[in-house]
Amino acid sequence: MDIKQSLEKLFSLHTLGIKLGLDNIREFLDHIGNPQNSLKAFHIAGSNGKGSTSAFIASTLMEAGYKVGLYTSPHFVRFNERIIINGKYIEDEFIADFLNRHIEFIDKYKLTFFEVTTALAFEYFKTNKVDYAVIETGLGGRLDATNVLNPLACIITSISLEHTNILGDKISQIAFEKGEIIKPKTKVFIGKLSDIAEEVIEKKCNEVKAKLFRLEDYIIEKNDIVELYTEEIELQDWEIPLKGKFQRYNAALAVLAVTKTLDIDEPRIVYDGIKNVIKNTLIQGRYEYIRRQPYILLDSAHNPDGLKVFLDEFRYERKNYKKTSVLFSALKDKDIDSMIKLLKTHFDEYYITEINYERAEKLNDLKKRFDNNNIETVTITDKRKFLSEFLKGDKNNCLVVTGSMYLLGEIKSIIEEL
């Protein structure tokens, strides 16, 4: 198979859906030589902020002179975005070769897309002898395919209600699922969690004798300013290219994890790691303008907590535009109704569409949800035509695209071709 055929095969595995459990991935990893056992890893879970925190960790390690593998999901435009080393995507040839060598095993054991992709990332990082691997969980933690690692550090960014049909409908249940990435005697770093969630994580740490570090014990907040103080580093007037106060929490958590795990105490490394995060890791979709005049703004908010954070930030900019519109869609296992309630009154126009993904909420069902909240919507079935017309409109208008990273990827792909 060439790269086109390999990716077609890989994407076809989506039809197998999500299979939570570690038996398949462990058998596959054993089959390919257990590359994960050679990785010095930072393992990141969380409802929001795990992608950004992973990027800040990787960028800081790169500025310290290390060769760093970064595994995140989903991708926006190209599959290769999921697996990078020092800012360079995995090569097409490596992907095709991996699929060709293991296709019989993949078919025989009916491995899922995420299981194969995770194993591919581990083998790529081992083959290229990375110094450190930064690994983001896919869904949850306990039964996530990445949870075969014995990491140097575990990071839990935030915990809110999500994937309730899979992870449970209580914060304590979701905290338990995410906390299961914690391994014996590792260092554990948590962002600002609720008391209930923190209690669950602390209990897990005590059970396995892991050392717990709370971000709140190391930061001082002054309005929109977040300062970090540890024995190793002081983070005060720092430049951050990702917009929003919540990104300062993500960056501070990343710095705390890196400095406490590796005893890095050089201020320049930390400051440059934060400042150069986009260049170093190619991170996308975090309050990202992909066009200006007229403006198209992408944000990867995919649950109520994430959307609230985005809207709190966007309200300061809304007055700068003649008209603001939102294009929204979501996966059906998200808390869509709560997200819709948050969107109400924030925009002049509401557009809805359907994501080309098996877990996507159907367009008719999405419209009913907006109708139930007395929000008038326009349904978009031809995204390319819609975007083309928007770009020909008033230069002072702004279109926000949010609700799912999968939607952002579709929109970004179209915009790159227009």
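Our structure's up above, just so we're on the same page.
This one's a predicted model, so the numbers in the text were calculated from it and none came from an experiment.

A. How the structure looks around the overall build of the protein chain. Of regular secondary structure, the protein chain possesses 16 helices and 17 strands. Taking 418 residues into account, the globule formula puts the C-alpha radius of gyration at 22 Å, and the protein chain, at 21 Å, falls close to it. Reported as C-alpha extents along the three principal axes, the dimensions of the protein chain are approximately 55 × 55 × 40 Å. Relative to its 418 residues, the protein chain shows a buried fraction of 59%. Surface accessibility of the protein chain: about 17,900 Å² in total, with carbon and sulfur atoms responsible for 45%. When the 59 positive and 64 negative side-chain charges of the protein chain are each reduced to one mean point, those points stand 1 Å apart.

B. Summary view of empty space enclosed by the protein. Taken as a whole, this structure holds two cavities of 30 Å³ or more when the rule is applied. Size it by volume and the largest cavity reaches roughly 200 Å³. Contributing to the lining of the largest cavity are 19 residues, with Thr72, Glu81, Leu282, Ile283 and Gln284 lying nearest its centre. When grouped by side-chain class, the residues that make up the lining of the largest cavity number nine nonpolar, six polar and four charged.

C. Spatial organisation of the sheet that holds strand 4 (residues 88-89). As summarised here, the arrangement of the eight strands in space is 4-3-2-5-1-6-7-8, forming an open sheet in which the pairing is mixed. Looking at the sheet topology across the chains shown, the edges are occupied by strand 4 and strand 8 (211-214). Alignment of strand 2 (residues 68-71) against strand 3 (residues 83-85), held across three bridges, turns out to be antiparallel. When the sheet's bridge partners are listed, Leu70 is paired in strand 3 with Ile84. This element, helix 9 (residues 245-262), spans strand 1 (41-45), strand 5 (132-136), strand 6 (153-156), strand 7 (187-190) and strand 8 of the sheet and lies at about 165 degrees to strand 7.

D. Representation of the packing of aromatic side chains in the model. In total, this model carries 23 aromatic pairs according to the counting rule given. With centroids separated by 5.9 Å and ring planes inclined at 70 degrees, the aromatic side chains of Phe28 and Phe98 adopt a geometry described as edge-to-face. Taken together, the residues Phe28 in helix 2 (residues 23-31) and Phe98 in helix 4 (residues 92-108) connect sequence positions 70 residues apart. One exposure class covers both Phe28 and Phe98, and it is buried. Relative to Phe310, the ring of Tyr287 lies with its centre 5.3 Å away and its plane at 50 degrees, an arrangement referred to as tilted. Of this pair, Tyr287 sits in the loop between helix 11 (277-281) and strand 12 (288-291) while Phe310 sits in helix 12 (residues 304-314), placing them 23 residues apart in sequence. Like Tyr287, the residue Phe310 is buried in the burial classification. One aromatic cluster is present, formed by Tyr287, Tyr289, Tyr295, Phe310, Phe314, Tyr321, Phe347 and Tyr350 through successive ring pairs. The positively charged end of Arg248 is found above the aromatic ring belonging to Trp238, 4.9 Å away from the centroid.

What counts as what
Residues numbered from 1 in each chain as written. Predicted model: local features only at pLDDT ≥ 70, side-chain atom pairs only at ≥ 80, totals over all residues. Heavy atoms only, no water. Helix = DSSP H or I, 4+ residues; strand = E, 2+ residues; numbered from the N terminus. Rg over C-alpha atoms; globule rule 2.2 N^0.38 Å. Buried < 20%, exposed > 50% of the residue type's maximum accessible area, 1.4 Å probe, protein only. Areas by Shrake-Rupley, 256 points an atom, 1.4 Å probe, with all protein chains shown as cover. Lys, Arg positive; Asp, Glu negative; His and termini not counted. Charge placed at Lys NZ, Arg CZ, Asp CG, Glu CD. 1 Å grid on protein atoms, 1.4 Å probe; cavity = no way out; pocket = protein on both sides within 12 Å on 5 of 7 lines; lining within 4 Å. Points joined across faces, edges and corners; volume = space filled by probe spheres on them. Nonpolar A, V, L, I, M, F, W, Y, C, P; charged D, E, K, R; others polar. Pairing = 2+ DSSP bridges. Contact = heavy atoms within 4.5 Å. Axes fitted to C-alpha atoms, helices over the stretch in contact; angles between N-to-C directions. Phe/Tyr/Trp six-rings, centres within 6.5 Å; stacked < 30°, edge-to-face > 60°. Lys NZ or Arg CZ within 6 Å of the ring centre and 35° of its normal.

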